[in-house]
Amino acid sequence: MAYNVKEVAQKPDRLTGGHRMCAGCGAPVVVRNVLKALKPEDHAVIGSATGCLEVSTFIYPYTAWTDSFIHNAFENAAATISGAEAAYVAMKRKGKINGETKFIAFGGDGGTYDIGLQSLSGAMERGHDMVYVCYDNGAYMNTGIQRSSATPKYADTTTSPAGKKIPGKLQPRKDLTEVMANHHLPYVAQTALIGNMKDLYEKSEKAIYTPGPAFLNVLAPCPRGWRYNTPDLMEVSKMAVETCFWPLYEVIDGKYIINYKPKNKLPVKEFLKMQGRFKHLFKAGNEHMLEEIQQEVDRRWEALLRLAGEA
Amino acid sequence: MAIRERLSGNEATAIAMKQINPDVVAAFPITPSTEVPQYFASFVADGSVDTEFVAVESEHSAMSACIGAQAAGGRAMTATSANGLALMWELLYIAASSRLPIVMATINRALSGPINIHNDHSDAMGARDSGWIQLYSETNQEAYDNMLMAHRIAEHPDVMLPLMVCQDGFITSHAIENIDLLEDDKVKAFVGEYNPEHYLLNKENPIAVGPLDLQPYYFEHKKQQAEAMKNAKKVILDVSEEFYKLTGRKYGLFEEYKTDDADAVIVLINSTAGTAKYVADQYRAQGKKVGVIKIRVYRPFPVDEIAQALSKFKAVAVLDKADSFNAAGGPLFTDITSALYAKGIFGPKVINYIYGLGGRDVRTNDIEVVYNKLLEIAETGKLDSVYNYLGVRE
């Protein structure tokens, strides 16, 4: 079915308002749009790693989730949902339940790239019919902006502070989407909050309704950690894509498809300059760091073009 | 008629699990519990159970998957030992606080370090305050029987807590003994179906599990959890009585062996009880008034009953197959002396022995050392050393 923004917008939100996520945060926008891709008649069991999303949406005795929801711990959203999916398979076989239930786990980059990587890798390799969605905001935001392996090089975080001697995080960002693509899953995709959410919606639909394990990596800007103006959520997200810092692509049964190639690929500094975490890079004398980041973005983009057979 | 077999403790456990036919078994190999998921995987491969077997990548994920499966509305089981149990630690508490009656076979092994694959109780003893019910087993038969009773206890509406059935690694897990098995249909009828009131897969009534639970409610929820553990005692006794009517095998909170007129009694857990009973028989034949108390239910701790039972003896030795490293005795010892004090029972002289760590063999002459010491205390009323180690080279 072709994407129709009006129809999708009219679907009821399965993550209701009243939760306590910050204004200008990408994570709840990611969640609401992923869940819109569920067929209205399908039930979902949704898991979340410990993190902003969990502690802001399910504070006893309130929950913002209209589907069944489980939070277990920080590092095990994938294993937890894999267990729920296994119970579903067994109980369906025994005739104890009927109808369709879909299984979706959410985790931030801390709970996914770092502490939850083993649990994620295991669940995906075992082939459970589930989707894991990483909302990547590039640091441990819930505990107060500590660096993760998803934090971009030279970002200023509370555990990789930009100081007099050390200019922020010294290591480049882990490419988790590639790590998951190399699990040879039926469906892996990278997306962001762009335009009318067509890309996110369509990828979510494919991820949820492709049998077997699927992984979505969604860039989810954080106004506190990135230090952008809260109304600029969509703009900062757009710049990540237009600079090819965060390419939109999918890997279907091993085949790479780049979903968007900017006609005019913007310099990465256009993305960086919107964010306070990179402010120190724009001081005189730090041009080489900007240049280094640009080279890294170019190198990764060209590698992706080659994987997609476009270079 | 019961089925007479010869089985190892691990195989007996796996057969109990097969007869229970849970929805999900999620497990990871670790000596000496590895055989349990191995046997179970073969049942799955042969189609003799309806279970989804989830071969996870760690014990952390084993317990995480069990939590997901049980919350989803299924029966989830696992097995582990030592470091595997330690890796589950975080989730043990979450399973208990989420009131998920997961059942686990814990094949007791010394916890690293140093690494050692043999039996002691340092793994399960560390989990004693995690909110799990703990049943211990002297023999293969007891391990099997405890497993058949486990779901009835754990899933009781007044309880709803996870439960671990413990037995001694290698000593019972790998030793083959005669055993009486129940027929499959009798197990099925006894264990019954699991029909939870609330579960994730109930699309008519979706629920949310695992909230952020702050100052207004956390304390009340923990109190409810504590009440459930209290309630478990009566449920364990009721289920054990029903099991007795079915099988003729009687189980209580603990077993008293030749204690009626005893002066000196050893209190201990699991397979060494067999050795202690053997020595008690020999001492009784010599007219010495000795007995054995074997703890079956360690959590909930039978505080009233054990204090009452011990009140009539002159000298008691509590044997701990785990050290607490608190410079004040092992875990069973501190629980027992605390029970006696709280009940105002100051009659019996109570001493502690840490024994058998890392699988150090416990022989009849080790038990004799304990009885001889107790008989001396009983006669003289003098107590020179409370905290002791048995069978260690000094």
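Not measured: the values here are computed from a predicted model.

What counts and how
Residues numbered from 1 in each chain as written. Chains lettered and ligands numbered in written order. Predicted model: local features only at pLDDT ≥ 70, side-chain atom pairs only at ≥ 80, totals over all residues. Helix = DSSP H or I, 4+ residues; strand = E, 2+ residues; numbered from the N terminus. Rg over C-alpha atoms; globule rule 2.2 N^0.38 Å. Contact = placed C-beta atoms within 7 Å. Pairing = 2+ DSSP bridges. Axes fitted to C-alpha atoms, helices over the stretch in contact; angles between N-to-C directions. Buried ≥ 20, exposed ≤ 12 C-beta atoms within 10 Å, placed from the backbone. Right-handed = clockwise from strand over helix to strand, strands pointing away. Nonpolar A, V, L, I, M, F, W, Y, C, P; charged D, E, K, R; others polar. Parallel < 35°, antiparallel > 145°, perpendicular 65-115°, else oblique. Left-handed = near helix turned anticlockwise from the far one by under 90°.

A closer look at the overall build of chain B
Then comes step 1: In terms of helices and strands, chain B carries 13 helices and 16 strands.
Then comes step 2: A globule of 394 residues ought to have a C-alpha radius of gyration of about 21 Å, and chain B, at 21 Å, matches this closely.
Then comes step 3: Considering only C-alpha atoms, chain B reaches an extent of 70 × 55 × 45 Å along its principal axes.
Then comes step 4: For chain B, long-range pairs separated by at least 24 residues make up 81% of all intrachain contacts whose partners lie at least 6 apart in sequence.

Considerations on the overall build of chain A
Then comes step 1: Across its full length, chain A carries twelve helices and eight strands.
Then comes step 2: Whereas a compact globule of 311 residues would reach a radius of gyration of roughly 19 Å, chain A reaches 19 Å, a difference of no more than 12%.
Then comes step 3: Its C-alpha atoms put chain A at 70 × 45 × 40 Å along the principal axes.

Brief notes about the sheet that holds strand β12 (residues 290–295) of chain B
Residue and element names in this part refer to chain B.
Then comes step 1: Spatial ordering of the open sheet is given by β10-β12-β11-β14-β15-β16, a layout of six strands whose pairing is mixed. Edge positions in the sheet fall to β10 (254–257) and β16 (387–390), since each has one partner strand and no second. Strand-to-strand, the axes of this sheet are offset by a mean angle of 25°, without reference to chain direction.
Then comes step 2: Relative to β12, strand β11 (residues 264–269) is paired through six bridges, and the arrangement is parallel. Bridging from a neighbouring strand, Val265 pairs with Gly291 of β12.
Then comes step 3: Lying over the sheet, helix α10 (residues 272–285) contacts β10, β11, β12 and β14 (315–320), oriented at roughly 165° with respect to β12.
Then comes step 4: Contacts between helix α12 (residues 331–342) and the sheet are confined to β11, β12, β14 and β15 (349–355), with β14 contributing the most and set at about 145° to the helix.

Comments concerning the pairing of strand β3 (residues 52–55) of chain B
Residues and elements named next belong to chain B.
Then comes step 1: Side chains Glu52 and Val54 project from β3 onto a buried face, and the interleaved Phe53 and Ala55 project onto a face without burial.
Then comes step 2: Bridge analysis of strand β2 (residues 24–27) against β3 gives four bridges, and the strand direction is parallel. Note that in β3 the partner of Val24 across the bridge is Glu52.
Then comes step 3: For the crossover that starts at β2, traverses helix α2 (residues 35–45) and ends in the parallel β3, the hand is right-handed.

What to know about the sheet that holds strand β13 (residues 297–299) of chain B
Two orientations exist for strands paired in a sheet by backbone hydrogen bonds: parallel and antiparallel.
Then comes step 1: Strands sit in the order β3-β2-β4-β5-β7-β6-β13 (chain B) across an open sheet of seven strands; the sheet is mixed. Strands with a single pairing partner mark the edges of an open sheet, and in this sheet they are β3 and β13 of chain B. Strand-to-strand twist across the sheet, computed as the mean angle between neighbouring axes with direction ignored, equals 20°.
Then comes step 2: Pairing of strand β4 (residues 76–80) of chain B with strand β5 (residues 103–108) of chain B, which is carried by four bridges, proceeds in the parallel orientation. From the neighbouring strand, Thr78(B) faces β5(B), where its bridge partner is Met104(B).
Then comes step 3: Across the sheet, helix α4 (residues 77–93) of chain A lies against β2, β3 and β4 of chain B, angled at about 155° from β3(B), the strand it touches most.

Some words on unusual backbone geometry
Residues and elements named next belong to chain B.
Then comes step 1: With an omega dihedral of 0°, the bond running from Thr31 to Pro32 counts as a cis peptide bond.
Then comes step 2: Tracing the chain through its elements places Pro32 in the loop between β2 and α2.
Then comes step 3: With an omega of 0°, the peptide bond between Gly113 and Pro114 qualifies as cis.
Then comes step 4: Looking at the secondary structure, you find Pro114 in the loop between β5 and α6 (122–126).
Then comes step 5: For Lys258, which is not glycine, the phi torsion reads 55° and is therefore positive.
Then comes step 6: Position of Lys258 relative to the elements: it lies in the loop between β10 and β11.
Then comes step 7: Look at Lys258 and you get partly exposed, because 16 C-beta atoms sit within 10 Å.
Then comes step 8: Backbone geometry at Asn270 places phi at a positive 70°, although glycine is not the residue there.
Then comes step 9: Note that Asn270 resides in the loop between β11 and α10.

Quick notes on the interface of chain A and chain B
Then comes step 1: Counting residues at the interface gives 40 residues for chain A and 39 residues for chain B.
Then comes step 2: For the side of chain A that touches chain B, the secondary-structure elements that each account for two or more residues are β1 (43–48), α3 (52–57), β2 (68–71), α4 and α6 (117–126) of chain A.
Then comes step 3: Per-element tally for the side of chain A that touches chain B: the top contributor is α4(A), with 13 residues.
Then comes step 4: Per-class residue counts for the side of chain A that touches chain B are 20 nonpolar, 15 polar and five charged.
Then comes step 5: The pairing of β2(A) with strand β9 (residues 208–209) of chain B spans two bridges and is classified as parallel. Pairing of Phe69(A) across the sheet is with Ala208(B), part of β9(B).

Looking at the packing of α10(B) against helix α13 (residues 364–380) of chain B
The angle between the axes and the distance between the axes are what describe a pair of packed helices.
Residues and elements named next belong to chain B.
Then comes step 1: Across the interface, α10 lies against α13 with an axial gap of 9 Å and an inter-helix angle of 60°. As the angle between them shows, α10 and α13 are arranged oblique. Here α10 runs over α13; the crossing is right-handed. Here Thr275, Ala276, Tyr278, Val279 and Tyr283 of α10 lie close against α13, whose contacting residues are Thr364, Ile367, Glu368 and Tyr371.
Then comes step 2: Tallied by class, the residues present in the contact of α10 with α13 amount to six nonpolar, two polar and one charged.

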